[in-house]
Amino acid sequence: MSASNGNGNGNGNRNGSQTGAIRIGFYVCHCGHNIGAVVDCAAVAHYVGTLPGVVLSRDYKYMCSDPGQELIQSDIREHRLNRVVVASCSPLLHEHTFRTAVERGGLNPFYFQMVNIREHNSWVHNDRELATVKAKAQARAAVERVRYHDSLRTTRVPIQPDVLVVGGGISGIHAALTLGNAGKKVFLVEREPSIGGHMAQFDKTFPTLDCAACILTPKMSAVRAHENITLWTYSEVAKVEGYVGNYTVTIRRRPRYVIEDLCVGCLECVGKCIYKEAKFPDDFNVGLSRRKPIYIPFPQAVPQVVLIDPERCLQVKTGKCKKTCLEACADRKAIDFSQQEELVQIKVGTIILATGFKLFDAKRIPQYGYGLYPNVVTSLELERLVTSSGPTSGEIILRDGSKPRTAGFILCVGSRDTRTNRWCSRTCCMHSMKLAQLFKEHTQADVTIFYMDIRAPGKGCEEFYDKSLREGIRFVRGRVAEVTDWALAPEEEGKLVIRVEDTLAGFVRRIPVDMIVLAVGMEPQADSQAMRRLFNLSCSTEGWFLEKHPKLAPVSTFTDGIFIAGCCQGPKDIPDSIAQAGAAAAECLALIDRGYIEQEPNTAHIHEENCSGCKSCLPLCPYTAISFDETVGRARINEALCKGCGTCVASCPSGAIGQHLFEDEQIFKEIEGILA
Amino acid sequence: MNPGTESIYSPAHGWQPRLVAFFCNWCTYTAADLAGVSRLKYAPNIRVIRLMCSGRVDPQFILEAFARGADGVLIGGCHPGDCHYVEGNYKALRRFQLLGRLLRDLGIEEQRVRLEWISASEGERVRLVVNEMVEQLRALGPLNLPEKMEAWDREMTALEETVHAEALAAV
C-alpha cells in the first residue's frame, strides 16, 4: 500500500458529501488466478498509489467476497475516502455489488468507478508486461474520471403488476400458472389455435415413461379455467413499446371465423362441412392425417373451439358455399364469417418469452433420404404414430400398412454437425431411446440406434440407457454415411440399407432395415430474429435468445423486465423448461412485489444558462423526453422519460446538455487517463 | 499527457499503437465481455471506454483521443435496427461520416477511425476487428498528433513573430 497526499486537484466545484480534498481509494482484485496470473496486480496497485489524489491503493485476492467488501467499507471510514475505484471484472457483473459496498461504507454509491481488467484484459491477453501496462492505463482512466463524479440518487418508477407470457408451450403454461396462482393478472398469447406446444404432440416422456397428455392436459385446462389468466390463442405480438414496469404491447388477434365464447366444441359443424372428406394435411399430426377446412387442432385442444382455415374454406375464399356449418351450429350462432383481424393493446410491467423451437428439416441432409424414401420418418412423425390418439391409433406401420420388423434410429440429424448445426440438441439421445423402447414394445421389432455419443446426463437418464440395453436395443457407434434402397445382397432387397462405419468394430457395415427414424435436432424459431427485434433482445450467433449471464442470470435478458424460458433460450428437455419457466415467473414476481423499479440515474439534463434554444436536440430523442419551453426559449428534459442514451448530449452544439454518470468532463478525463 | 507522472510505457516495448475504443453498453461492450469469457485472445493495444450508446460518442471525444496520443479510434455499436435506444447508432453513423471529412482535412488517415456494428453475441468479431485494426495501425505507424500540434503551434508562433517583425519594419 502506498499513500500520496491528496492534493484535491482543484475540484471544489464538486457537490460531494465530503468537503475538501478528493481522497481516492483504489483496489485491484486478483480474482484468484483469473487476473493475477496475467496482470501484475501489485505493480498496478503501486502505480496507482503514486497518482495524485489516491490516498490508498491495495491489491486483494477477491474484492467481491465479503472480506473484500468489508475492506472497502472500513477504509472509507478510517481513511475518510470520498472516491472508490475497483479494478476487477466487468461492471456488468459486479458494479452493483461494489456500489452497494460503497454505500454501506457511508458514501454516495455513485462516487465509485469500476475498471474491467478481467474480461477486457487478463482473459484476452497473454503478454504479462503489456497486460499490466494496459491495466495501469485502465486504472488511471478511472482514477482521473472518478474525481469528477457527482453524488446522485436513483429514481423510483412504479411497476405495472400485469404480466405478458408469449408462447403457450409447457414453459409458457407453467409460467402463466405460477404467476396466476400468485394472484397476478397474466396475458398468455399463443400463435397456434391451441396451447400445448410440442409437448402436446408427444406420447410418453422420458425417462419415466409417464403419459405426456396426462401431465400436460390438466395444466392446459387449468390455464383456460384460471380467473387470473387471459388466454389469447391464434394471436401474435405486433408491437412492444415502453420499458420495464411499463410496457405497452399490441396483440394481433387473427380471425378464427368462430366466436370463441359461443363455441362449445361439439364439432357438429365439422361433420356437416360441405367437404365430405377430410383432405387437407393436419399440422398437429405432422401431415400424417387429414382434416377439413373447419377443424379443431386436436381432441384435447385448449380452448375447445373450432376454427376455419381461410386458405381452404370455400366461403372465406370465394364467398360461395352452402354454409352447411352455419346450419349445423344452428342457434348457437358461433360461426361468424365477418370476423376481422383485431389489434388489442395491453399494459404490462414484465414479459416472459417462451416461444420455443422448431425442428430441423431433415431434407437438408439428402443422404438420409427423408422425403425420398417413404419409410424414412422423423422422430416427431414416429411420436405421432406411436400415440394412441394419433393417426394410426398407436400402431406403428410402414407406408404400405405392414408392420416393420426392423428399425434403425439415426441420431444427431442436424445436431453436432459442422455442415448444419454445431450444437447438441440435448434431448434427441433420450428421446430416441424412449421411442426405441416404445417401438419394441409395440412391434417386437429389432431396433438399432446409430449414435456418436450417448448423452444421458439427466436424473434417471443413465438408468434409462441401461434399461434400453437390457431390453435388447442395439447400439452401433458411428455417424451414418447414407441411407439407400440399392440392394447389394438378397437380404437387402426391398429394405432401406444404412451404411455406417462401426467405429467400435472398426469396419464399414451395411445394415438393412424396414423403417428409419431420424432424430432431428432443435433449431431457433424461423422468426426468432424478428422476435428479437420486437422485444429488443440479443441472440446468440445461432439465433437462441441470449440470457443476461450464462450462470448468474440465466432467465434474464439485457432488456430489463423481459425474461426468457424454455427452448427459445437453447435446446432443453421438459424438466429444464419448467424449471426455467418457474425461475422467470419468480423474477417477475420479485419485480412486481417490490412495487417499483429503481432507475439508473444516467439521465440527461440541461444547463439552462448555455442553452441557445436552437432545438436541434428535440428531434433526436426517440422517447420525446425533450420539449421546448417557449416562455424562456430553452429546451427541457423530462428525466422520467429519458432512458439515458446520451445522443442529445453528443449533439448539442452549445454543450448545454449533460448526462449523469457520463458527463463530458468525466469522459474527457477518462480519455486523458487511458492514454497516459 | 499529464506532466509530473511517469509514462507507463517502458522504452523496451518499442513503439506500440494505441487504440482507444468507445463501446456501447448493450452490444459491443457485452460482446467484448463475451470475448473475455470465451478466452479469445487479441492485441493488448486496445483500451475501451464504456458509454451507454454509440449515439453518445461526441466527435470531440475522437479528436480528444487523437490529441492525447491515440493512433486509432474504434467505435462499436449495435447493428442497425438493434439499438437498445431505438436509433442512437444511426446518429453515430451520421456523425461518423461527417467527422471523416474533417479528419481527412487534418491529415489523419481514414483507417485510423472505424465504426463497427458488433452485437452482444459476436465476441469473435471483437477479436477480429481489434486485431485487424491494430495491424493496420502498425502498418500506418505512429500518428504523433500531440507532437504535430506542438510543431504547428511553433510554426504559428514563428509566423506571428515574422508578421509582427515585418509590420514593425514597415512602420
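Remember, predicted model here, so these are calculated numbers, not experimental data.

Chemist: Can you walk me through the overall build of chain B in this structure?
Modeler: Helices and strands together make up the secondary structure of chain B, namely five helices and four strands. Listed by position from the N terminus, the elements making up chain B come as β-α-β-α-β-α-β-α-α. If one aligns the C-alpha atoms of chain B with their principal axes, the spans along those axes are about 70 × 40 × 30 Å. Here chain B holds 171 residues, and 51% of them are scored as buried. In chain B, the proportion of contacts linking residues at least 24 apart, taken out of those at least 6 apart, comes to 79%.

Chemist: Would you explain the overall build of chain A in this entry?
Modeler: A tally of helices and strands in chain A yields 17 helices and 34 strands. Principal-axis analysis of the C-alpha atoms places the extent of chain A at approximately 95 × 70 × 40 Å. By the burial criterion, 58% of the 676 residues in chain A qualify as buried. In chain A, of all internal contacts separated by at least 6 residues, the share reaching a separation of at least 24 is 69%. For chain A, the exposed area adds up to about 28000 Å²; of that, 50% sits on carbon and sulfur atoms. Side chains of chain A give 78 positive and 76 negative charges; the mean places of these two sets differ by 2 Å.

Chemist: Can you walk me through the sheet that holds strand β22 (residues 446-451) of chain A in this structure?
Modeler: Each strand in a sheet pairs with its neighbour through backbone hydrogen bonds, running either in the same direction (parallel) or in the opposite one (antiparallel). All names here are of chain A. Taken together, five strands build an open sheet; the order of strands is β20-β27-β21-β22-β23 and the sheet is parallel. Edge positions in the sheet fall to β20 (376-378) and β23 (474-477), since each has one partner strand and no second. Within the sheet, the average angular offset between the axes of one strand and its neighbour, ignoring direction, is 25°. Two elements, strand β21 (residues 406-413) and β22, share five bridges in a ladder whose sense is parallel. Its bridge partner lying in β22, glycine 408 is registered against threonine 448. Strands β20, β21 and β27 (515-520) of the sheet are contacted by helix α11 (residues 379-386), whose axis makes an angle of about 90° with β20.

Chemist: Before we go on, may I ask you to explain the pairing of β21 of chain A in this structure?
Modeler: Sheet faces and side chains relate simply in a regular strand, where the side chains alternate between the two faces. All names here are of chain A. Of all the eight residues making up β21, eight are buried; the element is thus mostly covered by neighbouring parts of the structure. In this region the chain leaves β21, passes through helix α12 (residues 428-443) and returns to the parallel neighbour β22; the handedness of that crossover is right-handed. Taken together, the five bridges between β21 and β27 define a ladder with parallel strand orientation. Pairing of isoleucine 410 across the sheet is with leucine 518, part of β27.

Chemist: I'm lost on the interface of chain A and chain B in this one. Help?
Modeler: By a frequent convention, interface size equals the accessible area lost on bringing the separate parts together. Chain A puts 59 residues into the contact, and the matching count from chain B is 59 residues. Both faces combined, the contact of chain A with chain B buries some 5300 Å², and carbon together with sulfur accounts for 60% of it. When the buried area of chain A at its contact with chain B is split by residue, His120, Trp123 and Leu675 of chain A rank highest and sum to 13% of it. The interface formed by chain A and chain B holds five salt bridges in total. Note that aspartate 82 of chain B and arginine 532 of chain A form a salt bridge whose closest N and O atoms lie 2.9 Å from each other. Across the contact surface, chain A and chain B share 18 residue pairs in polar contact (both at pLDDT 80 or more). Taken together, the elements giving at least two residues each to the side of chain A that touches chain B come down to α3 (91-104), α4 (118-122), α5 (128-146), α14 (528-535), α16 (647-651) and α17 (664-674) of chain A. Taken together, the residues of the side of chain A that touches chain B sort by class into 26 nonpolar, 19 polar and 14 charged.

Chemist: Where do I start with the nonpolar core in this structure?
Modeler: In globular proteins that are soluble, nonpolar side chains generally tend to be buried together. All names here are of chain A. Ranked by internal contacts, the top residues of the largest apolar core, which has 80 residues, are Leu164, Val249, Ile351, Leu353 and Phe535. Among the elements that line this core, the one with the most residues is helix α15 (residues 574-594), at seven residues. Counting contributing residues per domain, this core is built from domain 2 (163-254 + 342-356 + 525-594) and domain 3 (268-332), each supplying no fewer than three. Non-local contacts of isoleucine 351, meaning those with residues more than four positions away in its chain, are made with Leu164, Val166, Val240, Tyr247, Val249, Phe535, Gly561, Ile562 and Phe563. Formed by 43 residues, the second largest nonpolar core is a distinct cluster that contains Ile24, Cys31, Val86 and Ala139.

Chemist: Explanation requested: the packing of aromatic side chains in the structure shown.
Modeler: Centre-to-centre distance and the angle between the planes together describe a pair of aromatic rings. Residues and elements named next belong to chain A. A complete count under the given rule lists 11 aromatic pairs over all chains for this structure. Plain terms: the ring middles of tyrosine 465 and phenylalanine 475 are 5.2 Å apart, the flat faces sit at 80° to each other, and that makes the pair edge-to-face. Here tyrosine 465 is found in helix α13 (residues 461-470), whereas its partner phenylalanine 475 is found in strand β23, with 10 residues between them in sequence. The exposure classification of tyrosine 465 matches that of phenylalanine 475, with both residues buried. Following the ring pairs from residue to residue traces out a cluster consisting of Tyr451, Tyr465 and Phe475. Geometry around phenylalanine 628 places lysine 615 over its ring, the cationic atom sitting 4.6 Å from the centre.

Chemist: When you look at empty space enclosed by the protein in this model, what are you seeing that I'm missing?
Modeler: Where empty space is left in the structure can be found by rolling a water-sized probe over the atoms. Applying the stated criterion across every chain yields a total of 12 cavities of 30 Å³ or more. Every element with two or more residues in the lining of the largest cavity is listed here: α3, β4 (112-116), α5 and α17 of chain A together with β2 (46-51) of chain B. For the lining of the largest cavity, the element with the most residues is β4 of chain A, which contributes five residues. Of the residues in the lining of the largest cavity, the class split is 12 nonpolar, five polar and six charged.

Chemist: Just to check I follow, could you spell out the pattern of salt bridges for this structure?
Modeler: For side chains of opposite charge, pairing can occur when their charged atoms come near one another. For the coordinates displayed, the defined rule picks out 49 salt bridges over all chains. The partner of aspartate 75 of chain A in a salt bridge is arginine 58 of chain A, with the nearest N and O atoms 2.7 Å apart. With aspartate 75 of chain A in helix α2 (residues 66-78) and arginine 58 of chain A in strand β2 (residues 54-60), this residue pair connects regions lying 17 residues apart in the sequence. Using a relative accessible area of 2% as the deciding quantity, one classes aspartate 75 of chain A as buried. Each of the salt bridges in this network shares a partner with another, and the network as a whole consists of Glu95, Arg99 and Glu600 of chain A together with Arg50 of chain B.

Chemist: Mind showing me how you'd approach the sheet that holds strand β25 (residues 496-502) of chain A here?
Modeler: All names here are of chain A. Strands sit in the order β24-β25-β26 across an open sheet of three strands; the sheet is antiparallel. The outermost strands of the open sheet, each flanked by one partner alone, are β24 (480-484) and β26 (507-513). The sheet shows a mean angle of 20° between the axes of neighbouring strands, taken without regard to direction. Of the strand pairs in this sheet, β24 and β25 are connected by four bridges, and their pairing is antiparallel.

Chemist: Looking at this structure, I do not really get the domain arrangement of chain A. What am I missing?
Modeler: Per the domain assignment, the segments making up chain A are domain 1 (2-154), domain 2 (163-254 + 342-356 + 525-594), domain 3 (268-332), domain 4 (359-523) and domain 5 (603-659). Once you take the C-alpha centre of each, domain 3 of chain A and domain 5 of chain A turn out to be 58 Å apart.

Chemist: What's the story with α17 of chain A in this structure? I'm lost.
Modeler: Within α17 of chain A, nine of the 11 residues are buried, which leaves it mostly tucked inside the rest of the structure. Regarding α17 of chain A, the residues found buried are Gln666, Ile667, Phe668, Lys669, Glu670, Ile671, Glu672, Gly673 and Ile674 of chain A. Looking at the buried positions of α17 of chain A, the neighbouring elements they touch are α5 of chain A together with β1 (19-24), β2 and α2 (59-67) of chain B.

Chemist: Quick question: what am I supposed to make of the packing of helix α6 (residues 170-181) of chain A against α15 of chain A here?
Modeler: When two helices pack together, their arrangement is given by the angle between their axes and by how far apart the axes lie. All names here are of chain A. Orientation of α6 relative to α15, taken along the N-to-C sense of each, is 35°, at an axis distance of 8 Å. With respect to the hand of their crossing, α6 and α15 are arranged in right-handed fashion. Mapping the contact onto sequence places Ile170, Ser171, His174, Ala175, Thr178 and Leu179 in α6 and Ile574, Ser577, Ile578, Ala581, Gly582, Ala585, Cys588 and Leu589 in α15. Split into classes, the residues belonging to the contact of α6 with α15 amount to nine nonpolar, five polar and no charged.

Quick notes on the rules
Residues numbered from 1 in each chain as written. Chains lettered and ligands numbered in written order. Predicted model: local features only at pLDDT ≥ 70, side-chain atom pairs only at ≥ 80, totals over all residues. Heavy atoms only, no water. Helix = DSSP H or I, 4+ residues; strand = E, 2+ residues; numbered from the N terminus. Buried < 20%, exposed > 50% of the residue type's maximum accessible area, 1.4 Å probe, protein only. Contact = heavy atoms within 4.5 Å. Areas by Shrake-Rupley, 256 points an atom, 1.4 Å probe, with all protein chains shown as cover. Lys, Arg positive; Asp, Glu negative; His and termini not counted. Charge placed at Lys NZ, Arg CZ, Asp CG, Glu CD. Pairing = 2+ DSSP bridges. Axes fitted to C-alpha atoms, helices over the stretch in contact; angles between N-to-C directions. Right-handed = clockwise from strand over helix to strand, strands pointing away. Buried area = accessible area lost by both parts, 1.4 Å probe. Salt bridge = Lys/Arg side-chain N within 4 Å of Asp/Glu carboxyl O. Polar contact = N/O pair within 3.5 Å; in protein donor to acceptor, adjacent residues only side chain to side chain. Nonpolar A, V, L, I, M, F, W, Y, C, P; charged D, E, K, R; others polar. Core = buried A, V, L, I, M, F, W, Y, C linked by side-chain atoms within 4.5 Å. Domains from an automatic or database assignment. Phe/Tyr/Trp six-rings, centres within 6.5 Å; stacked < 30°, edge-to-face > 60°. Lys NZ or Arg CZ within 6 Å of the ring centre and 35° of its normal. 1 Å grid on protein atoms, 1.4 Å probe; cavity = no way out; pocket = protein on both sides within 12 Å on 5 of 7 lines; lining within 4 Å. Points joined across faces, edges and corners; volume = space filled by probe spheres on them. Left-handed = near helix turned anticlockwise from the far one by under 90°.

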